[in-house]
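Residue-level listing of the chains:
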Amino acid sequence: EKGGYDYFMLKEIAEQPKAVADTLLGRIDAGGSLTLDEVRISASELRELDKVVIVACGTAFHAGLIAKYAIEHWTRIPCEVELASEFRYRDPILDAQSLVIAISQSGETMDTLMALRHAREQGSKVLAICNTNGSTIPRESDAVLYTHAGPEVAVASTKAFLTQLVACYLVALYLGQVRGTKWGDEIGAVIRDLSRISGAVEQVLETMEPVRALARSLADKKTVLFLGRHVGYPVALEGALKLKELAYMHAEGFAAGELKHGPIALIEEDLPVVVVVPSPRGRSILHDKIVSNIQEIRARGARTIVIAEEGDEAVAPYADHLIRIPATPTLLQPLVATVPLQVFACELATARGNEVDQPRNLAKSVTVE
Ligand code: F6R
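In this text the structure is predicted, and so the values were computed from the model without any measurement. (Residues numbered from 1 in each chain as written. Predicted model: local features only at pLDDT ≥ 70, side-chain atom pairs only at ≥ 80, totals over all residues. Heavy atoms only, no water.)

### What to know about the overall build of the chain
Using the following cut-off: Only DSSP runs of H or I covering at least 4 residues are called helices, and only runs of E covering at least 2 are called strands; the numbering of each starts at the N terminus. For a compact globule the rule gives 2.2 Å times the number of residues to the power 0.38, and the radius of gyration it is set against comes from C-alpha atoms. Categorising residues by exposure relies on relative accessible area from a 1.4 Å probe, with only protein chains included: less than 20% of the type maximum marks a residue as buried, more than 50% marks it as exposed, and the intermediate range marks it as partly exposed. Should any heavy atoms of two residues lie within 4.5 Å, those residues are counted as being in contact.
Helix and strand counts for the chain stand at 13 helices and 10 strands. For the chain, whose C-alpha radius of gyration is 20 Å, the value lies close to the compact-globule estimate of 21 Å for 369 residues. With the principal axes as the frame, the chain shows a C-alpha extent of 55 × 45 × 40 Å. With 369 residues in all, the chain has 57% of them scored as buried. Taking as baseline every contact in the chain between residues at least 6 positions apart, the subset at least 24 positions apart corresponds to 74%.

### Description of helix α8 (residues 159-179)
Formally: One less than the residue count of a helix, multiplied by 1.5 Å, gives the span that helix is expected to have.
Here α8 contains 21 residues, and its C-alpha end-to-end distance of 30 Å stays within 8% of the 30 Å for a straight helix at 1.5 Å per residue. Where burial is concerned, most of α8 is hidden: 19 out of the 21 residues are buried. Just downstream of α8 lies glycine 180, where phi reads positive at about 70°.

### A look at the environment of serine 135
Rule in force here: Residues adjacent in sequence count toward polar contacts only when both atoms are side-chain atoms; beyond that, a polar contact is any pair of N or O atoms within 3.5 Å, and within protein one must be able to donate a hydrogen and the other to accept it.
Within the secondary structure, serine 135 sits in the loop between β4 (125-130) and α7 (136-139). Put simply, serine 135 and lysine 222 are 87 residues apart on the chain and 39 Å apart in space, counted from C-alpha to C-alpha. Sequence-distant contacts of serine 135, defined by excluding residues within four places in its chain, comprise Ser106, Gly107, Glu108 and Cys130. Among the polar contacts made by the side chain of serine 135, one reaches the main-chain carbonyl oxygen of serine 106 at a distance of 3.4 Å. Reaching out from serine 135, the side chain makes a polar contact with the backbone oxygen of threonine 132 at a distance of 2.7 Å.

### Let's talk about the pattern of salt bridges
Side-chain pairs of opposite charge can arise whenever the charged atoms involved come near each other. Rules: Salt bridges are counted wherever a side-chain nitrogen of Lys or Arg sits within 4 Å of a carboxyl oxygen of Asp or Glu.
Under the criterion given, the structure shown has 24 salt bridges. For the salt bridge of aspartate 270 with lysine 221, the shortest nitrogen-to-oxygen distance reads 3.0 Å. Taken together, the positions of aspartate 270 in the loop between β7 (250-255) and β8 (272-276) and lysine 221 in the loop between α10 (209-217) and β6 (223-228) put the pair 49 residues apart, joining distant regions of the chain. Taking the relative accessible area as the measure of exposure, aspartate 270 reaches 33% and is therefore partly exposed. Close ionic contact of glutamate 238 with lysine 242 constitutes a salt bridge, the shortest N to O distance being 2.6 Å. Of this pair, glutamate 238 and lysine 242 both sit in helix α11 (residues 232-247), 4 residues apart, roughly one helical turn. Relative accessible area serves as the criterion here: at 1%, glutamate 238 is assigned to the buried category. Linked by salt bridges that have partners in common, Lys51, Glu80, Glu82 and Arg90 make up one network.

### Quick notes on the site of the ligand
To keep it simple, the criterion reads: For this purpose, a residue is taken to be near a molecule or strand whenever a single non-hydrogen atom of the residue falls within 4 Å of it. Throughout this entry, Asp, Glu, Lys and Arg are counted as charged residues, while Ala, Val, Leu, Ile, Met, Phe, Trp, Tyr, Cys and Pro are counted as nonpolar. The remaining residues, Gly among them, count as polar.
By nearness alone, 13 residues border the ligand, and Ser104, Gln105, Ser106, Thr109 and Glu245 come closest of all. A distance of 3.2 Å separates an oxygen atom of the ligand from a polar backbone atom of threonine 59. One of the side-chain N or O atoms of serine 106 is found 2.7 Å from an oxygen atom in the ligand. Here the residues of the shell around the ligand are counted per class, giving 4 nonpolar, 7 polar and 2 charged.

### Details of the packing of helix α2 (residues 16-24) against helix α9 (residues 185-205)
Any two packed helices are characterised by the angle at which their axes cross and by the distance between the axes. For clarity, the threshold we go by: Axis angles are defined between N-to-C directions and span 0 to 180 degrees, where every axis is a line fitted to C-alpha atoms and, for a helix, only to the segment in contact. Here the word oblique covers every angle except those under 35 degrees (roughly parallel), over 145 (roughly antiparallel) and from 65 to 115 (roughly perpendicular).
Relative orientation of the contacting elements α2 and α9 amounts to 175°, with a least axis distance of 8 Å. Taken together, the axes of α2 and α9 are roughly antiparallel relative to one another. Contacts between α2 and α9 involve Gln16, Pro17, Val20, Ala21 and Leu24 on the former and, on the latter, Leu194, Ser195, Ile197, Ser198, Val201, Glu202 and Leu205. A breakdown of the residues in the contact of α2 with α9 according to their chemical character gives 8 nonpolar, 3 polar and 1 charged.

As structure tokens, then:
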């Protein structure tokens, strides 16, 4: 059952290192290449693709947003991500050279199902990324890559999200491998990093006590904002969604670069703002820009809650609360950066007396459009 935890959500958060490792199991061979035999779409078809379109809802949509960064960077195939509920109603451009990826934990989400049916009618191949064996979405797709999160009972998705990310990275790297684009040192190194990443998730889980204390101290707040950029932007959206669902608070995620185009007007004295900071290595220009964003909002009174890599000293002077995550390659950072946001939302909801596993008005699987 709950295995000693008060809520399924806490149990499922704790299971994430295993869920991530299980989703990688058997998919990376001894030589460091990917073997995704489940992806029953021929190598020649994969080589002919001219675009990838990802459709999903809610948390799965956020996984799709992150996948876009990985797919375009590693494979140079244009990738669009769309809310499944919007997709078919705007007459999207699809043909046999489009690969549509439908991401769904339950495999029963009606919006996603209708989107994939529409894609197949246009002659596109559909690959499902799904956590539920034999559910409708994989049954109606051309191929499926299962996530191995195990059953997710809490309504708010946690371990399924991390495994969706892993599956998206695997698909992106596999496309790179099959098509030979950018194949070489970088992709080989990423596969190695990915195969070690569950240890980093474990490490984050061991340091969550200050995050819980912080969450409890914010229980009477009305609004929390989340900022990020690059892959940290969808992480910010996910942090905000978790907080809405569980704590019933006003929470919004923004791309940090958009701050000056409007959202900065929301900043006022003592407003909690969570900032997901990209690695100072890699795309360090983004790191510098986000450090200035943190300074700007703090100068306007925001209470800054900064999620930054270990060893990133530049952020420390502007962080009212500093949450450390292990260093990872840029594109993999969401696997560690999301975890504190899940813990934060869960603890805040508990502090507000909310039912964590069964938030009001929500259902685990949404089988109506
Ligand atoms: C958020 C959440 C929902 C689901 C969404 C899609 O915590 O659980 O946003 O992610 O309803 O569900 P699936 O993945 O089952 O298609």
